[in-house]
Amino acid sequence: MSERRSTSLRGRPLVPGDSIPAETWTGLLLTVFLILWVVIGWPGATIVRWIALIPALAGLVRYALHRQARTLALPSMRLADELRQANESLQQQVQELTHVRDIMLALSATFNREAVLNELITAITQLLHFDRGLILLHNESNNSLIFGAYSETLPDRDNQMVLEALQVSLNKATHDSILGRWLNGDAVHVTDPAYRTDTVLRWLINMLNFQRFYSIPLMVGDQFQGAILVDNTPSGQPITAKQQGLLDTLAAHFAITLENARLYQLTDEQLNARVQELNILSQIDRELNDALSVERVLNLTLDWVLRFTSSRAAALALVDERANRLRFVSGYGYDPMVWMELKKDPWPLERGIAGRVARQGAAEIVQDVSQDPDYVPILANTRAQLTVPIMRRDRVIAVMTLESEQHNAFSPENLDFANRLAARAAVAIDNARLFDEIRREHQKLDLILRSTADAVIVVGEDNRLVLVNEAALATFELPAKESYLGRRFETVFDYTPLPALYARARASKRVVAEEITLDRHAYHVNIVPTPDIGWSIVIHDVTPFKRTEQLKTELVATASHDLKNPLGVILGYLDLINLTNPLNEQGVDYMTRAQRSIDHMRDLIDDLLDMARIESGLTLRFNQVHVGSLTQQVVDSLALHAEEKSLSVFIDIPDDLPLVSADESRLDQIMSNLIGNAIKYTPEGGHIWIRAGRADEMVQVEVEDDGIGISPEDQAHIFTRFYRVRRPDTDGIEGTGLGLAIVKSLVEAHGGKIDLESRLGHGSTFIFTIPIDRSDDETAESERSDHIAGASAD
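What counts and what doesn't
Residues numbered from 1 in each chain as written. Predicted model: local features only at pLDDT ≥ 70, side-chain atom pairs only at ≥ 80, totals over all residues. Heavy atoms only, no water. Helix = DSSP H or I, 4+ residues; strand = E, 2+ residues; numbered from the N terminus. Buried < 20%, exposed > 50% of the residue type's maximum accessible area, 1.4 Å probe, protein only. Contact = heavy atoms within 4.5 Å. Areas by Shrake-Rupley, 256 points an atom, 1.4 Å probe, with all protein chains shown as cover. Pairing = 2+ DSSP bridges. Axes fitted to C-alpha atoms, helices over the stretch in contact; angles between N-to-C directions. pLDDT = per-residue confidence, 0-100. Parallel < 35°, antiparallel > 145°, perpendicular 65-115°, else oblique. Left-handed = near helix turned anticlockwise from the far one by under 90°. Nonpolar A, V, L, I, M, F, W, Y, C, P; charged D, E, K, R; others polar. 1 Å grid on protein atoms, 1.4 Å probe; cavity = no way out; pocket = protein on both sides within 12 Å on 5 of 7 lines; lining within 4 Å. Points joined across faces, edges and corners; volume = space filled by probe spheres on them. Core = buried A, V, L, I, M, F, W, Y, C linked by side-chain atoms within 4.5 Å. Arc of directions from axis to C-beta. Phe/Tyr/Trp six-rings, centres within 6.5 Å; stacked < 30°, edge-to-face > 60°.

**Description of the overall build of the chain**
Regarding its fold elements, the chain presents 22 helices and 25 strands. Counting across all 794 residues of the chain, residues that qualify as buried make up 40%. Considering only contacts in the chain between residues 6 or more positions apart, those separated by 24 or more positions represent 60%. When the accessible surface of the chain is summed, it comes to about 44,300 Å², and 53% of that surface belongs to carbon and sulfur atoms.

**Points about the side chain of Ser745**
Residue placement: Ser745 occurs in helix H22 (residues 739–749). What makes Ser745 buried here is its relative accessible area of 0%.

**Quick notes on the sheet that holds strand E2 (residues 144–150)**
With antiparallel pairing, six strands are arranged side by side in an open sheet as E3-E2-E1-E6-E5-E4. Of all the strands in the sheet, the pair left with one neighbour each is strand E3 (167–169) and strand E4 (188–190). For this sheet, the mean angle separating the axes of adjacent strands, direction not counted, is 25°. When E4 meets strand E5 (residues 213–220), the two strands line up antiparallel, connected through three bridges. Residue His189 lies in a different strand from E5, and its bridge partner there is Tyr214.

**A look at the confidence of the model for the chain**
Across the chain, pLDDT averages 78, with 73% of residues at or above 70. Low pLDDT, under 50, characterises residues 1–18; the stretch is placed with 24 contacts to residues that sit more than four places away or in other chains. Confidence over residues 775–794 falls short of pLDDT 50; this stretch has 48 contacts with residues more than four positions distant or in other chains.

**Details of the sheet that holds strand E11 (residues 384–391)**
Taken in spatial order, the six strands of this open sheet run E9-E8-E7-E12-E11-E10, and their pairing is antiparallel. Of all strands in the sheet, those with a lone pairing partner are strand E9 (347–348) and strand E10 (364–366), marking the two edges. Against the sheet, helix H10 (residues 336–344) engages strand E7 (313–320), strand E8 (325–332) and E9, with an angle of about 155° to E8.

**Things to note about the environment of Asp436**
Relative to the elements of secondary structure, Asp436 occurs in helix H12 (residues 412–448). Its relative accessible area of 12% is what places Asp436 among the buried residues.

**So, the packing of helix H18 (residues 627–637) against helix H20 (residues 664–680)**
Where H18 contacts H20, the axes come no closer than 10 Å and their chain directions differ by 50°. As the angle between them shows, H18 and H20 are arranged oblique. Of the two possible hands of crossing, H18 and H20 adopt the one that is right-handed. Of the residues in H20, those in contact with Leu630, Thr631, Val634 and Val635 of H18 are Glu664, Leu667, Asp668, Met671, Ser672 and Ile675. Across the contact of H18 with H20, the residue classes tally to six nonpolar, two polar and two charged.

**Remarks on empty space enclosed by the protein**
Going through the model one piece at a time under the given rule, you end up with four cavities of 30 Å³ or more. Of the volumes computed, that of the largest cavity is approximately 80 Å³. Surrounding the largest cavity, Ala315, Phe328, Tyr334, Trp347, Ile353, Ala354, Tyr375, Val376, Ile378, Gln385, Thr401 and Glu403 form its lining. Every element with two or more residues in the lining of the largest cavity is listed here: helix H11 (352–360) and strand E12 (396–404). For the lining of the largest cavity, the residue count by class is nine nonpolar, two polar and one charged.

**Thoughts on the nonpolar core**
Counting 41 residues, the largest nonpolar core has Val627, Val660, Leu667, Ile670, Leu674, Ile675 and Phe768 as its most contacted members. Looking at this core, the elements with two or more residues in it are H18, strand E20 (660–662), H20, strand E21 (687–695), strand E22 (698–705), H22, strand E23 (754–758) and strand E24 (764–771). Residue contributions to this core peak at seven residues, all from H20. Not counting chain neighbours up to four residues away, the residues in contact with Val627 comprise Ile653, Leu657, Val660, Ala692, Val699 and Val701. Judged by nonpolar contacts, the second largest core, of 28 residues, contains Leu302, Leu318, Leu402 and Ala432.

**Thoughts on the pairing of strand E17 (residues 534–541)**
With six bridges connecting them, strand E13 (residues 455–460) and E17 associate as antiparallel partners. Bridge pairing in E17 places Gly460 opposite Gly534. The loop that links strand E16 (residues 521–530) with its antiparallel partner E17 comprises three residues; one of these, Asp532, has a positive phi angle of about 70°.

**As for helix H15 (residues 498–508)**
Three or more residues of H15 are buried, namely Leu498, Pro499, Leu501, Tyr502 and Ala505. Buried residues in H15, looked at end-on, bunch into an arc of 160°, giving them a common side. Those residues of H15 that are exposed and aimed more than 90 degrees away from the buried face are Ala500 and Ala507. Where H15 is buried, its residues contact E13, helix H14 (489–492), strand E15 (512–518), E16 and E17. Lys509 occupies a position one or two residues after H15 and carries a positive phi of about 55°.

**Regarding the packing of aromatic side chains**
Under the counting rule described, the total for this entry stands at 11 aromatic pairs. Between Phe489 and Phe493, the aromatic rings sit 5.2 Å apart at their centres with planes inclined by 35°, giving tilted as the arrangement. Residue Phe489 shares its accessibility class with Phe493, and that shared class is buried. Taken together, the aromatic side chains of Phe476, Phe489, Phe493, Tyr502 and Trp535 make up a single cluster linked through ring pairs.

Next comes the structure, spelled out in structure tokens:
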């Protein structure tokens, strides 16, 4: 047994027969000793002679047995060694197959394309033991190869960006030494580092230093889905036939998995787009049903179709069947002078693409208007036009036209959406027309009923009174016995604030709603243009509501102030938790969300406190302020937010701009709100311009951006407290809805005005004025208390 545990000098185990056994040597030595005994003739030599043969015979027998055992053991040892090696190989194959099975299960368990690509890269490097792996995908939209995944990140950031932006056309790849073989379903194996392929991928191979590589196309049937490239250049090891075989075996499964992920992602995107479209259509239904004015329905229709199709301009014309013509009534994106001429001169139904659609009742997409003989240019640089009829009971009642400056700008999806929108608009227009007729009749009847508690005054288009009810006579203490019908409005009410409000309403041709004070009573005045009649003025006594509002303001101010301390305590304890308790990743996320919510609540409380201060009476400290320096400070404080979105901010304020008389901290608040809003509502890579200049005795400041813009409906309420623009592209933007209301109040408290110019999708410009510094006989610093009641309600 000791012989089997020993090892030779060369590290090979000894087997029986490699040396003469010790028992044999002992027997031979004993025999030699006994023979010497006999030769010398010592006593008992005769008996010893026979005894000497016994050890010799025993040794010889032992030696013979030992040789026989050696002969039988050698094949057994070789067989055992081969079995051991085969067992180890089988175990390794089982492990590899188990790993293959796990990879296949992981790939089958997800439809996320990025996750599938990551799993494939893992399989290539860890399962198949390649040094590196690159996956290229087929982009069917433009028949090109694009980047899928790579097992490494390139040290050169520029090269990494080039790799990720890879796009190789396959339109002329038939004769390419690599692309052509891939398209035929053949693998390509390059073993010579000096080999230079005649392929458009040469720059990519050189950039990645693929010297010895193997590539195989990803095929689903006869459809080319992409390719996998693997290499062992870093280690210098050759790509074995075993590695190639495994990759060839798995390539088909990889291709099917990628195709399933692509189809799933495509289906998911289509479903999401459909759900989004249904949500938009649902919102459109609500808005159109709420709009009981033909003009508003038309404006809403154009507003939504512009949002969805990203057209340059849109127009809507009503069909006058009796006159056999089109009358343009609503439009966006046209030059004002051109649009006025278009509205003034109706089109015959024989003119233009719009007339053709009105006659035929079928929508049309003209991808190149220069090829259409019926096209009539309205907007310069128009290349494509989409025209949709708006039909009601198999009758065309209107035509909607969309124009774009790009060829092939309109897709079938755009046409489907426009058709669905037109169907909804048709119902809304019909309802609005019916409502207008009913409303006119009701207005005539309601104006006869003068017993209402509110003061009602109706003024005709000629500025003469049509109706003054009894409540109006009592409110303004007019003698009830006199007749006021036919008298000029300004003559009867010249001692009241009404003429100024009425003149402003006529000038703007818009509704004016403001508050006035008469004999220590507060009245809400609403001046509304009334079609076919003139203007109706409704005056409501809101004194009790103002008292209630004052109590509410005081309550809000008190509650907001008292809420700040608990929030500070909560925030402090959150910081203590972060310092004293180690948190896992989920815990850190929860803490961050809590802190963000507390910060948002504190901003809301600060805004509420500002509104309360403004409404209860705001004290302004007037100083000499240079708008340029203050603007630079505000931009510097918001620079981090602008950099996060890669925004470019430009300041154009002359150094010799006159100083303004303003409360510097409040002017800082105005600028911070306007510039902060521009940053929040401008997409990444956008631009913001801040300009200032002298305008008479004022300094005019403009904050312009090229962001998402504000629709006409939202512009009417943008300065109202707690009002926020609600659109899909503003859902992720935080805000309290108080910022612009505070800005308006502060600007007016300084004696200035604020206005807005905006077009949906083309950015916004906020313009406000601040008086130039007071005359020299006034002190540089003075205090003034301005009590503003409801200044932000407009």
